[in-house]
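The chain contents come next:
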Amino acid sequence: MNIPLKHRILARGRRISIRIAKDGTIILTRPRVVSERTALRFLEEKKEWALKHIQHIQKQKTRMASLQWKDDGLIPFLDQELILSVALSRGRSPIHRVENTLHVSAHPDDSERIKTLVERWYRLQAEHYFHLTCSSLVQKLGVSFRRISIKGQTSRWGSCSKQGNLNFNWKLMMAPELVAFSVAVHECCHLVHLNHSSQFWNLVYRLCPRYKDAAQWLKEQGGTLG
Ligand SMILES: [Zn+2]
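Because the structure is a prediction, the values reported are computed rather than measured.

**Q** What is the right way to read the overall build of the chain from this model?
**A** When its secondary structure is counted, the chain shows six helices and 10 strands. Over its C-alpha atoms, taken along the principal directions, the chain stretches across nearly 70 × 45 × 25 Å. The contacts in the chain between residues at least 6 apart in sequence include a share of 42% that link residues at least 24 apart.

This is the structure:
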């Protein structure tokens, strides 16, 4: 494998473990009593898993790095990719979608305005998406929410208040749909259990069996959104 590898030795650990860092480096941790050769053999056995994981990270990285606030730029929207078409135009709304093209009324060099308009559009989509998704989830759960608000905090993806108000981050519209869905599931399940008890997690997994994948994605890629 032609991939950066870092060795870590733990004085008291018992097991060999492999972790893939955010930058795609493999971190191989082994207890002091285990030889490097044994650890490398262990890594060899897990090679396929590690490679798959690294490829996934790299794909996401290119996806986010290719965000371009300009004419013909590509932007992610749930599981789709939209093309920006930027031109100063009168009439209609300053931003509207036709199939896979997002038409933005701005000077092609004005990346700030493009970004502002696209963000506004994402927020609107987030409002639609979370209303629709949560309405169907609460129906299944036999509960209800009071209000849904769309926020843009850097580190919070969603929250649920005691009063039954749900908040979601609009940046989730740039993540795969499974990720946005998993956050909706998490917060709606808090309408039933306002804690992280095992009953809460059972409910989450029942509604979103791939919750772990989504949570992992957020952990690794969340910081790259917007
Ligand atoms: Zn929670």
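**Q** Sorry if this is basic, but what is going on with the domain arrangement of the chain here?
**A** Think of interface size as the accessible area that goes away when the parts come together; that is how it is often given. Under the domain assignment, the chain is made up of domain 1 (5–65) and domain 2 (74–224). When each unit is reduced to the centre of its C-alpha atoms, the spacing between domain 1 and domain 2 is 32 Å.

**Q** For this particular structure, what's the right way to read the sheet that holds strand β6 (residues 95–98)?
**A** The strands making up a sheet are joined through hydrogen bonds of the backbone, oriented either antiparallel or parallel. The four strands lie next to each other as β4-β5-β7-β6, forming an open sheet whose pairing is mixed. The open sheet terminates on both sides in strands that have one partner only, identified here as β4 (74–77) and β6. Adjacent strand axes in the sheet meet at a mean angle of 30° when their direction is disregarded. In this sheet, strand β7 (residues 101–104) lies alongside strand β5 (residues 80–86) in parallel orientation, the contact comprising four bridges. Residue pairing in the sheet places Ile-83 in a bridge with Thr-101 of β7.

**Q** Explain the environment of Tyr-211 to me, please; I cannot follow it from the model alone.
**A** With respect to the helices and strands, the residue Tyr-211 is situated in helix α6 (residues 211–221). Considered as a pair, Tyr-211 and Leu-178 are 33 residues apart in the sequence and their alpha carbons are 8.1 Å apart. The residues touching Tyr-211, leaving out its near neighbours within four places in the chain, are Ser-182, Val-185, Val-204 and Tyr-205.

**Q** Explain the packing of helix α4 (residues 177–190) against helix α5 (residues 198–207) here, please?
**A** At their nearest, the axes of α4 and α5 sit 9 Å apart, and the two run at 140° to each other. Classified by the angle between their axes, α4 and α5 sit oblique to one another. Taken as a pair, α4 and α5 cross one another with a handedness that is right-handed. Within the contact between the two elements, α4 uses Val-185, His-186 and Cys-189 and α5 uses Phe-200, Leu-203, Val-204 and Leu-207.

**Q** Quick question: what am I supposed to make of the nonpolar core here?
**A** Side chains of nonpolar character tend, in soluble globular proteins, to be buried together. Grouped together as the largest cluster of nonpolar side chains are 38 residues, with contacts concentrated most on Val-104, Ala-126, Leu-172, Met-173, Ala-180, Ala-184 and Val-185. Considering every element that reaches this core, the biggest residue donor is helix α3 (residues 111–141), with 10 residues. For Val-185, the residues in contact, after removing those within four places along its chain, are Leu-137, Val-204, Leu-207, Cys-208 and Tyr-211.

**Q** Which parts of the structure should I look at to understand the pairing of strand β10 (residues 165–169)?
**A** Every other side chain in a regular strand lies on the same face of the sheet, so the side chains alternate between the two faces. For strand β8 (residues 147–151) and β10, the ladder comprises five bridges, and the chain directions are parallel. Residue pairing in the sheet places Ile-150 in a bridge with Phe-168 of β10. For strand β9 (residues 158–160) and β10, the ladder comprises three bridges, and the chain directions are antiparallel. Note on β10: the bridge partner recorded for Ser-159 is Asn-167. Counting the residues in the hairpin turn of β9 and β10 gives four residues, including Gly-164, whose phi is positive at 90°.

**Q** Any chance you could explain unusual backbone geometry here in plain terms?
**A** One can expect most non-glycine residues to show negative phi and most peptide bonds to be in trans. Phi angles above zero are rare outside glycine, and Asp-72 is one such case at about 75°. Here Asp-72 shows up in the loop between α2 (47–65) and β4. Looking at Asp-72, the number of C-beta atoms within 10 Å reads 11, which means it is exposed. In this model, Leu-78 sits at a positive phi of 50°, which is unusual for a non-glycine residue. As for its position among the elements, Leu-78 is in the loop between β4 and β5. Residue Leu-78 is classed as partly exposed on the basis of its C-beta count, with 17 C-beta atoms lying within 10 Å.

**Q** What's the story with the sheet that holds strand β2 (residues 17–20) in this structure? I'm lost.
**A** Strand order across the open sheet formed by three strands is β1-β3-β2, with mixed pairing between neighbours. Taken across any chain shown, the strands that pair with only one partner, and hence form the sheet edges, are β1 (5–10) and β2. The sheet shows a mean angle of 20° between the axes of neighbouring strands, taken without regard to direction.

Cut-off values and rules
Residues numbered from 1 in each chain as written. Predicted model: local features only at pLDDT ≥ 70, side-chain atom pairs only at ≥ 80, totals over all residues. Helix = DSSP H or I, 4+ residues; strand = E, 2+ residues; numbered from the N terminus. Contact = placed C-beta atoms within 7 Å. Domains from an automatic or database assignment. Pairing = 2+ DSSP bridges. Axes fitted to C-alpha atoms, helices over the stretch in contact; angles between N-to-C directions. Parallel < 35°, antiparallel > 145°, perpendicular 65-115°, else oblique. Left-handed = near helix turned anticlockwise from the far one by under 90°. Core = buried A, V, L, I, M, F, W, Y, C linked by C-beta atoms within 7 Å. Buried ≥ 20, exposed ≤ 12 C-beta atoms within 10 Å, placed from the backbone.

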